[in-house]
Amino acid sequence: MRPVSQHSLGKTQLTIVRPLLHVWREEIDDYIRASGLKFREDATNARLAATRNRVRHKIIPALENEFGRGIRKAVWRAAVIADEEDVLLESLVAPTGDQLNVHSLGKQPTALQRRAIRNWLRYHGTSDMSFSLIESVRALLDSEAGPAKVNLPRDRHVRRRAGKLFIE
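Since the model is a prediction, treat every value here as computed from it, not as a measurement. (Residues numbered from 1 in each chain as written. Predicted model: local features only at pLDDT ≥ 70, side-chain atom pairs only at ≥ 80, totals over all residues. Heavy atoms only, no water.)

### Some remarks on the sheet that holds strand S5 (residues 156–161)
Point 1. Across the sheet, which stays open at both edges, the four strands sit in the order S3-S6-S5-S4 with antiparallel pairing between neighbours. The open sheet has two free edges, formed respectively by strand S3 (100–101) and strand S4 (149–152), since each of these has just one partner strand.
Point 2. Pairing geometry for S3 and strand S6 (residues 164–167), over two bridges, is antiparallel. By the bridge assignment for S6, Leu 100 is matched with Leu 165.
Point 3. Its contacts with the sheet put helix H5 (residues 110–123) on S3, S4, S5 and S6, and the angle it makes with S6 is roughly 30°.
Point 4. Relative to S4, helix H6 (residues 131–139) is tilted by about 155°, and along the sheet it contacts S4, S5 and S6. (Pairing = 2+ DSSP bridges. Helix = DSSP H or I, 4+ residues; strand = E, 2+ residues; numbered from the N terminus. Contact = heavy atoms within 4.5 Å. Axes fitted to C-alpha atoms, helices over the stretch in contact; angles between N-to-C directions.)

In structure tokens:
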């Protein structure tokens, strides 16, 4: 999660602001007690259906049990570093369009190839993107390799022709 993020719902652009994302729960609890405020927990926070709740209620406590309380700050630091690197990598990927140039993309480092393909597939409304799907599309960058077609969800395909990747 980022402190500020943009999301699209159809034609509507949403800006989500999380002003307390950097504040530890213990700090919030201390503030509530010191200020004499009433606290109300959202009931959905206890449900394990959401991945973030399973991480919060199952995985983090298991990691703390195994490695100690400092694991939360170590995970936080890793997340901050990963987010900053994500921003950098995003800035290095060319804007997406209808087609991808096989030769140009093939010259890029693998991480940028994957990111460009992911962005391109997302631009074209592809859902259910997995690592294996992105790798299958990335394999099309090798014009000497096997078939020049990869199946996508909803009966669509990525094809390689004349040095370009396109979706049909």
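### What about the nonpolar core?
Point 1. Counting residues in hydrophobic clusters, the biggest one holds 19 residues, and the most contacted among them are Ile 117, Trp 120, Leu 121, Val 137, Val 158 and Leu 165.
Point 2. Looking at this core, the elements with two or more residues in it are helix H4 (102–106), H5, H6, S4 and S6.
Point 3. The dominant element in this core, judged by the number of residues it contributes, is H5, at five residues.
Point 4. Not counting the four nearest positions on each side in its chain, Val 137 is found in contact with Ile 117, Leu 121, Val 150, Val 158 and Leu 165. (Core = buried A, V, L, I, M, F, W, Y, C linked by side-chain atoms within 4.5 Å. Buried < 20%, exposed > 50% of the residue type's maximum accessible area, 1.4 Å probe, protein only.)

### A closer look at the packing of helix H3 (residues 71–92) against H5
Point 1. Viewed as axis vectors pointing N to C, H3 and H5 meet at an angle of 75°, and their least axial separation amounts to 10 Å. Comparing their axes, H5 and H3 come out roughly perpendicular. Residue-level inspection shows Asp 86, Leu 89, Glu 90 and Leu 92 of H3 in contact with H5, the latter providing Leu 112, Arg 115, Arg 118 and Asn 119.
Point 2. In terms of residue class, the contact of H3 with H5 is built from three nonpolar, one polar and four charged. (Parallel < 35°, antiparallel > 145°, perpendicular 65-115°, else oblique. Nonpolar A, V, L, I, M, F, W, Y, C, P; charged D, E, K, R; others polar.)

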